[in-house]
Amino acid sequence: MTQWMVLYRKEWLELIRSSKLIWMPVVFILLGAMQPIMTYMMPDIIANAGNMPEGTIIEIPTPHASEVLAQTLQQFGTLGLLIIALISMGTVSGERMSGTSAMILVKPVAYTSFVTAKWAAIVTITAISFVLGYGAGWYYTAALFDTVAWQDAAGSLLLFGLWLSFIGTLTILFSSLLRSAAAAAFTALGTAALLSIATSLLPKALAWSPGKLAGLASAQLTSGTASGMWPVIGITFVCIIAALAISVWSLRKYPSIEAV
Amino acid sequence: MTLLTVEQLTKTFGGTCAVDGIGFTIHEGRCVALLGPNGAGKTTTIRMLTGLLAPTSGRIAFRGFAPGADHRSVIGFLPQIPALYGWMTGQEFLIYAGRLCGLSAKEAQIRCSGLLERVGIASAAKRRIAGYSGGMKQRLGLAQALIHRPKLLILDEPVSALDPIGRREVMELLRELKQETTILFSTHVLHDAEELCDDVLIMRAGRIAVGGAVSEIRNEHRQPILTLEIEQDEQSRNWLRGWLQAPPAYVQSTSANGGGARLVVTDVHAARRSLMGELLESDVRFTKLEIGHTTLEDLFMKVVTAS
Ligand SMILES: Nc1ncnc2c1ncn2[C@@H]1O[C@H](COP(=O)(O)OP(=O)(O)OP(=O)(O)O)[C@@H](O)[C@H]1O
Ligand SMILES: [Mg+2]
């Protein structure tokens, strides 16, 4: 456990020194705040566009607060995912390529600790960024539209946070299986997109797929319930554990690049 | 006392056999050089010993561990090109390495300052590693290999990237460390091995061509040698050329040597008498006639160039 904490603290220090701990939350806060503000200002923006015939009356129905927050989640589902993939794409392959994994893994370090400490650091920075970003979205939605019940907001936060962590885990998995960091990010994002599309095309067959998490988070906001979430949550946890186990196996087999 | 036994260790990459069924033992307290030309399989052997590379077949047994068990806690390793976290300071990296080896924060701190002092980078302890020179990284690499007082220190070409002064200093450091722990280091420079080591393992093309205690090998493969140097006048040069074309029976092999020749001979007494006679008779103006013995260098060259 002490060793795990030493590894985790090192990951944490690296996030600080590389400024990731600053810019990732900042980007998430911008993402979260932008959606309600843009939605609020949309009628003015259109009215000021200037190329409307005189006398045109623009009627845009004011969206419900929970819809605004659900749209905010969609922002995190695209740009947010991209940022998480960028942050975690070199987690394992970077250390392998530079040779530092060889320096560390000739010491009596448990391979499992090496991987899970990195994973925990990614999950932590994701959680911090997402809570701040989603909090900003919630705050502006409340200020400009209406307050969304905090229970619903918290429920959707947890569901969507799990989806983001799942993507981070996938990126770490591909980062330990592939040499190139870019390929790892690309594969992880591709897998996420495939999962979401397949789940929406085959809702029955893939009722328990992690690809449902984003939809469940929205449902929690708009309807106050996310029916059928427990099996999905369970399967997601199983997938996360399996992905970590494969990463550990891959690292044990190929601790450094020259050995591949 | 035997510390490490290696038997029939083999590693193949695709079709090429990088290490081909080698076996050796390392005794506690010895300093062993793994010697060989580029591509001999030194790094591959070392990587298997450190557990970074799984052998294709064979056995590595460490004293006190079951064969094939995880013995990482008792080895310290410095790779050929040490990779360090550039964003850490030297001190941070060393403490990190120590804590990973199970030292407490306090112990790691104490060992760290001692080692930084010892390898001579104490003044740069608080600077980022990214700004270190190659030699400083090498020293920090050595320090991190020593942080947990390993039973076996494994160094892959520890001095080949250093300038002559750095090389001198690291060799001195290794000479001290020799008193404290068992060392295995690879090099392609025989001189380094001869200077420091008790045992050598000379590798060539994945096999151990010659191995054993330096003194024994030196005696075992020792052959008398005559070194002849002549003045560069027409007549002497012609004589030497003619003589080398059909050397007498006691000459085993010859090699040109600047203004003369080196002759490996079988019977040193016969050689001395006969050669002196011939030199006088033909009135050769020789400047030097020396009788000595083959060095390890000769053996090394013979082993690594043999086809
Ligand atoms: N990962 C690998 N894949 C394929 N071949 C390899 C690999 N690693 C080493 N080899 C081959 O194994 C042989 C031995 O290589 P090794 O690196 O062990 O030599 P070395 O003695 O350390 O040489 P040097 O003095 O240049 O460091 C070489 O022919 C090399 O091409
Ligand atoms: Mg090498």
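Residues numbered from 1 in each chain as written. Chains lettered and ligands numbered in written order. Predicted model: local features only at pLDDT ≥ 70, side-chain atom pairs only at ≥ 80, totals over all residues. Heavy atoms only, no water.

(A) Spotlight on the overall build of chain B. From N to C terminus, chain B includes ten helices and 13 strands. Its C-alpha radius of gyration of 24 Å places chain B more than 25% over the 19 Å reference for a compact globule of 307 residues. Along the three orthogonal principal directions, the C-alpha set of chain B runs to about 80 × 45 × 35 Å. Counting over 307 residues, chain B shows a buried share of 49%. Long-range contacts, defined as pairs at least 24 residues apart, comprise 68% of the intrachain contacts of chain B with a sequence gap of at least 6. One finds the centroid of the 34 positive side-chain charges in chain B at a distance of 8 Å from the centroid of its 32 negative side-chain charges. (Helix = DSSP H or I, 4+ residues; strand = E, 2+ residues; numbered from the N terminus. Rg over C-alpha atoms; globule rule 2.2 N^0.38 Å. Buried < 20%, exposed > 50% of the residue type's maximum accessible area, 1.4 Å probe, protein only. Contact = heavy atoms within 4.5 Å. Lys, Arg positive; Asp, Glu negative; His and termini not counted. Charge placed at Lys NZ, Arg CZ, Asp CG, Glu CD.)

(B) View of the interface of chain A and chain B. On the chain B side, the residues contacting the 27 residues of chain A number 24 residues. For the interface between chain A and chain B, the tally reads one salt bridge. Among the ionic pairs, E92 of chain B bridges to R17 of chain A, the shortest N-O distance being 2.8 Å. At the junction of chain A with chain B, the criterion picks out ten residue pairs in polar contact (both at pLDDT 80 or more). Of all the elements in the fold, those that place two or more residues in the side of chain A that touches chain B are α1 (2–17), α4 (93–98) and α5 (100–105) of chain A. The element that contributes the greatest number of residues to the side of chain A that touches chain B is α1 of chain A, accounting for nine residues. Partitioning the side of chain A that touches chain B into residue classes produces 14 nonpolar, six polar and seven charged. (Salt bridge = Lys/Arg side-chain N within 4 Å of Asp/Glu carboxyl O. Polar contact = N/O pair within 3.5 Å; in protein donor to acceptor, adjacent residues only side chain to side chain. Nonpolar A, V, L, I, M, F, W, Y, C, P; charged D, E, K, R; others polar.)

(C) Broad picture of the pattern of salt bridges. All names here are of chain B. A complete count under the given rule lists 24 salt bridges over all chains for this structure. Note that R139 and E169 form a salt bridge whose closest N and O atoms lie 2.7 Å from each other. With a gap of 30 residues between them, R139 in helix α4 (residues 134–146) and E169 in helix α5 (residues 164–177) connect regions that are remote in the sequence. According to the relative accessible area criterion, E169 is partly exposed, its value standing at 39%. Here K178 makes a salt bridge to D198, at a shortest N to O gap of 4.0 Å.

(D) Inspection of the UniProt feature "transmembrane region" (unreviewed entry) in chain A at higher detail. Residue and element names in this part refer to chain A. Within this structure's numbering, the places UniProt gives as "transmembrane region" (unreviewed entry) are residues 21–42, 76–94, 115–141, 153–174, 181–202 and 229–251. From the first C-alpha to the last, residues 153–174 spans 32 Å; its make-up is 100% helix and 0% strand. With 95% helix and 0% strand, the stretch residues 181–202 has end C-alpha atoms that lie 31 Å from each other. (UniProt positions renumbered as here; feature names shortened; annotations may be inferred.)

(E) Structural detail: the UniProt feature "domain: ABC transporter" (unreviewed entry) in chain B. With numbering aligned to this structure, UniProt lists the feature "domain: ABC transporter" (unreviewed entry) at residues 4–230 of chain B. A distance of 51 Å separates the end C-alpha atoms of residues 4–230 of chain B, which is 33% helix and 30% strand.

(F) Up close: the coordination of the magnesium ion (ligand 2). Every protein donor of the magnesium ion (ligand 2) is accounted for by T43 of chain B (OG1) and Q80 of chain B (OE1), and the metal-donor separations fall at 1.8 to 2.5 Å. Residue T43 of chain B is located in helix α1 (residues 42–50), and its partner Q80 of chain B is located in the loop between β5 (75–78) and α2 (90–100); the two are separated by 37 residues in the primary sequence. (Donors = N, O, S within 2.8 Å, 3.2 Å for Na, K, Ca; no water.)

(G) View of the pairing of strand β7 (residues 182–187) of chain B. All names here are of chain B. Among the six residues that make up β7, six are buried, leaving the element largely enclosed by the rest of the structure. Neither face of β7 is open: one carries T182, L184 and S186, the other I183, F185 and T187, and all of them are buried. The pairing of strand β3 (residues 31–35) with β7 spans five bridges and is parallel. Within the sheet, the bridge partner assigned to V32 lies in β7 and is L184. With five bridges connecting them, strand β6 (residues 152–156) and β7 associate as parallel partners. Bridging across to β7, L152 finds its partner in T182. (Pairing = 2+ DSSP bridges.)

(H) How the structure looks around the packing of α2 of chain B against α4 of chain B. Residue and element names in this part refer to chain B. Contact geometry of α2 with α4 gives a least axis separation of 9 Å together with a crossing angle of 25°. Taken together, the axes of α2 and α4 are roughly parallel relative to one another. Taken as a pair, α2 and α4 cross one another with a handedness that is right-handed. Here G90, F93, L94 and A97 of α2 lie close against α4, whose contacting residues are L140, A143 and Q144. When its residues are assigned to classes, the contact of α2 with α4 shows five nonpolar, two polar and no charged. (Axes fitted to C-alpha atoms, helices over the stretch in contact; angles between N-to-C directions. Parallel < 35°, antiparallel > 145°, perpendicular 65-115°, else oblique. Left-handed = near helix turned anticlockwise from the far one by under 90°.)

(I) How the structure looks around the pairing of strand β10 (residues 224–230) of chain B. Residue and element names in this part refer to chain B. When you tally the buried positions in β10, you get six out of seven residues, the bulk of the element. With seven bridges joining them, β10 and strand β13 (residues 286–293) adopt antiparallel strand pairing. Note on β13: the bridge partner recorded for E229 is K288. Here β10 pairs with strand β12 (residues 260–265) via five bridges, running antiparallel. Looking at the pairing, I225 lines up with V264 of β12.

(J) Representation of unusual backbone geometry. All names here are of chain B. Backbone geometry places Q8, a non-glycine residue, at a positive phi of 50°. Mapped onto the elements, Q8 comes out in strand β1 (residues 2–13). Judged by its relative accessible area of 55%, Q8 falls in the exposed class. A positive phi angle, near 45°, is found at E157, a position not held by glycine. The topology assignment puts E157 in the loop between β6 and α5.

(K) Molecular detail of the packing of aromatic side chains. Residues and elements named next belong to chain A. What the rule picks out here adds up to 15 aromatic pairs over all chains. Geometrically, the ring pair formed by Y8 and W12 is stacked, given 6.3 Å between the ring centres and 15° between the ring planes. In this pair, Y8 and W12 are both assigned in helix α1, four residues apart and thus about one turn of the helix distant. For W12, a relative accessible area of 23% gives the class partly exposed. (Phe/Tyr/Trp six-rings, centres within 6.5 Å; stacked < 30°, edge-to-face > 60°.)

(L) Here's a closer look at the sheet that holds strand β2 (residues 16–27) of chain B. Residue and element names in this part refer to chain B. The strand order β2-β1-β4 describes an open sheet built from three strands, whose pairing is antiparallel. Taken across any chain shown, the strands that pair with only one partner, and hence form the sheet edges, are β2 and β4 (57–62). Direction aside, the axes of adjacent strands within the sheet are offset by 10° on average. By the bridge criterion, eight bridges tie β1 to β2 in an arrangement that is antiparallel. Bridge assignment links L4 to a residue of β2, and that residue is I26.

(M) How the structure looks around the sheet that holds β12 of chain B. Residues and elements named next belong to chain B. Ordered by their spatial adjacency, four strands build an open sheet running β11-β12-β10-β13, and the pairing between neighbours is antiparallel. Every other strand in the sheet has two partners, leaving β11 (251–257) and β13 as the edge strands with one partner each. Neighbour to neighbour, the strand axes of the sheet diverge by 15° on average, direction disregarded. Of the pairings in the sheet, the one linking β11 to β12 comprises six bridges and is antiparallel in character. Counted as the bridge partner of A256 is A261 from β12. Across the sheet, helix α9 (residues 268–281) touches β10, β12 and β13, and the angle it forms with β13 is around 175°.

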